[in-house]
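Coordinate inspection notes
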Amino acid sequence: MDAFLYFADETLFLYISISSIYLFIFAVAAQFRRSKKYPKTINYHRYAVLVPEGTPALMMDYLVELRKFIPITSNWADIVLSLNEEEFDAVVILSETDQVSPNFLDEINNAFDVGVKIFQLHHRIEPRSSISKKLVALNEEIRNSFFKQGHTGVGFAASLDGVDMVFDLVWLKKNLKSAKTNLKIRALKQDIFVEYLEYVTVYSSKARKPRYVLSRGKAIARFLPTLFSGKWNYASVLFQRLIPSWGILLLLSCILAVFFTIISLDDSVKWWGMIFFLLFTMCLAIPDYLVEKKKKSKKHKDGK
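Anyway, here's the lowdown on the structure attached to this text. Since the structure is predicted, the reported quantities are computational estimates derived from the model, not experimental observations.

Attention now moves to a positive patch on the surface. Residues Lys177, Arg186, Lys189, Lys218 and Lys231 make up a contiguous surface patch of positive charge. Assignment of secondary structure puts lysine 189 in helix α6 (residues 183-189). When its relative accessible area of 49% is taken as the criterion, lysine 189 is described as partly exposed.

Another aspect to go through is the environment of phenylalanine 112. Mapped onto the fold, phenylalanine 112 is located in helix α3 (residues 104-114). Phenylalanine 112 gets classed as buried once you look at its relative accessible area, which sits at 10%. Every residue in contact with phenylalanine 112, bar those within four places of it in the chain, is listed here: His45, Tyr47, Asp89, Ala90, Phe119 and Asp168.

With that settled, consider a nonpolar patch on the surface. Side chains of Val258, Phe259, Ile262, Ile263, Trp272, Phe276 and Leu279 sit close together on the surface and give an oily, nonpolar patch of about 700 Å² of accessible area. Contributing elements (two or more residues each) for the nonpolar patch: α9 (246-263) and α10 (265-285). With four residues, α9 is the largest single contributor of residues to the nonpolar patch. One can find isoleucine 263 in helix α9.

This paragraph deals with the packing of aromatic side chains. All chains considered together, the criterion is met by 13 aromatic pairs. Plain terms: the ring middles of phenylalanine 259 and phenylalanine 260 are 5.1 Å apart, the flat faces sit at 80 degrees to each other, and that makes the pair edge-to-face. Among the aromatic residues, ring-to-ring pairing joins Tyr22, Phe26, Phe156, Phe223 and Phe239 into one connected group. A cation sits over an aromatic face here: arginine 124 above tyrosine 289, 3.7 Å from the ring centre. The ring of phenylalanine 13 has lysine 270 sitting right over it, with the charged end atom 5.7 Å from the ring centre.

In the segment running from glutamate 126 into proline 127, the intervening peptide bond is cis, with an omega of -5 degrees. Mapped onto the secondary structure, proline 127 falls in the loop between β5 (118-125) and α4 (131-153). Phi is positive for aspartate 164, which is not a glycine, with a value near 55 degrees. Relative to the elements of secondary structure, aspartate 164 occurs in the loop between α4 and β6 (165-168). Residue aspartate 164 is classed as buried on the basis of its relative accessible area, which comes to 1%. The backbone phi angle of aspartate 191 is positive, close to 55 degrees, even though this residue is not glycine.

As a further point, take the pattern of salt bridges. All chains considered together, the criterion is met by 10 salt bridges. The salt bridge partner of glutamate 107 is lysine 37, with a shortest N-O separation of 3.8 Å. Highlighted residues: glutamate 107 in helix α3 and lysine 37 in the loop between α1 (2-31) and β1 (47-52), separated in sequence by 70 residues. In this structure, glutamate 96 engages arginine 208 in a salt bridge whose closest nitrogen and oxygen atoms are separated by 4.0 Å. Residue glutamate 96 is located in the loop between β3 (90-93) and β4 (99-100), and its partner arginine 208 is located in the loop between β7 (194-204) and α7 (216-228); the two are separated by 112 residues in the primary sequence. Taking the relative accessible area as the measure of exposure, glutamate 96 reaches 44% and is therefore partly exposed. Overlapping salt bridges bring together Glu96, Asp164 and Arg208 as one network.

To continue, consider the sheet that holds β4. Sheets are built from strands paired through backbone hydrogen bonds, the pairs being either parallel or antiparallel. Taken together, the seven strands give an open sheet; going across it, the order is β2-β1-β3-β6-β5-β7-β4, and neighbouring strands pair in mixed fashion. Two strands lie at the open edges of the sheet, namely β2 (67-72) and β4, each paired on one side alone. Pairing analysis gives six bridges linking β1 to β2, with the strands arranged parallel. Pairing of alanine 48 across the sheet is with lysine 68, part of β2. The sheet contacts of α3 involve β1, β2, β3, β4, β5, β6 and β7, and relative to β7 the element is tilted by about 175 degrees. Relative to β5, α4 is tilted by about 155 degrees, and along the sheet it contacts β5 and β7.

So, how was this worked out
Residues numbered from 1 in each chain as written. Predicted model: local features only at pLDDT ≥ 70, side-chain atom pairs only at ≥ 80, totals over all residues. Heavy atoms only, no water. Patch = residues over 30% accessible without salt bridge, like charges linked within 9 Å, V, L, I, M, F, W, Y side chains within 5 Å. Areas by Shrake-Rupley, 256 points an atom, 1.4 Å probe, with all protein chains shown as cover. Salt bridge = Lys/Arg side-chain N within 4 Å of Asp/Glu carboxyl O. Lys, Arg positive; Asp, Glu negative; His and termini not counted. Charge placed at Lys NZ, Arg CZ, Asp CG, Glu CD. Helix = DSSP H or I, 4+ residues; strand = E, 2+ residues; numbered from the N terminus. Buried < 20%, exposed > 50% of the residue type's maximum accessible area, 1.4 Å probe, protein only. Contact = heavy atoms within 4.5 Å. Phe/Tyr/Trp six-rings, centres within 6.5 Å; stacked < 30°, edge-to-face > 60°. Lys NZ or Arg CZ within 6 Å of the ring centre and 35° of its normal. Pairing = 2+ DSSP bridges. Axes fitted to C-alpha atoms, helices over the stretch in contact; angles between N-to-C directions.

Here you go:
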């Protein structure tokens, strides 16, 4: 039994350590990418903005004749495939929202003019009036830091959610077969850089559930061949499916730390260290706006 516990302890610690270091690298990289903007351009492109039917009028400071709002009343893929490439340069696909950044299309246009073909926009949960919504917003922003902001920080493509995206229309029509087409994988296989515009925000009260999720079975089968072929970007996305979420990593570490504290205090030290390392990584990944309000409210109560 002692031999089994030793093997299980070492194996789990190695697995969780590798997973945690992977997240830490991107948490650090995210710090160097925040608020990096593309320079202002004098060229203005034409955009089709797809929004769910019933979406209220969105305020955008962009030339009216170069943008068109199209309600999604059926399959959004059919609408995209019907768009005229002579009429539009790019398509913006939004999910439920009632507000976007005032300079929404201007910032997208600046990046598009440089030659970026695909963007993932920043979704932000507002209002966060309950504890559950605050936790959902926290989880979503931590994932944004790791797999969008952090990925672009090291030169990898940002993770596509399947909503709140911008595409070059020519590329999209060429690669889109149906609403179920995994555009994330298609872009990775073509080594196309997916940009994350952290400062271009889409607001809503609901979390965005990623649509482009690869099964773990396919990720396991493809990971080593992809890694050995030198496709680091694609390999990183596959590796994401092989590790637990940050919450599961933290929970496992806490359980194992308590367990080994009871049976072997010496063996528990490394697990307590892992917990502090994970908490530090999470703190790095949390954006300032989620903690600034608490600081301001505290100062207000203190009369400062």
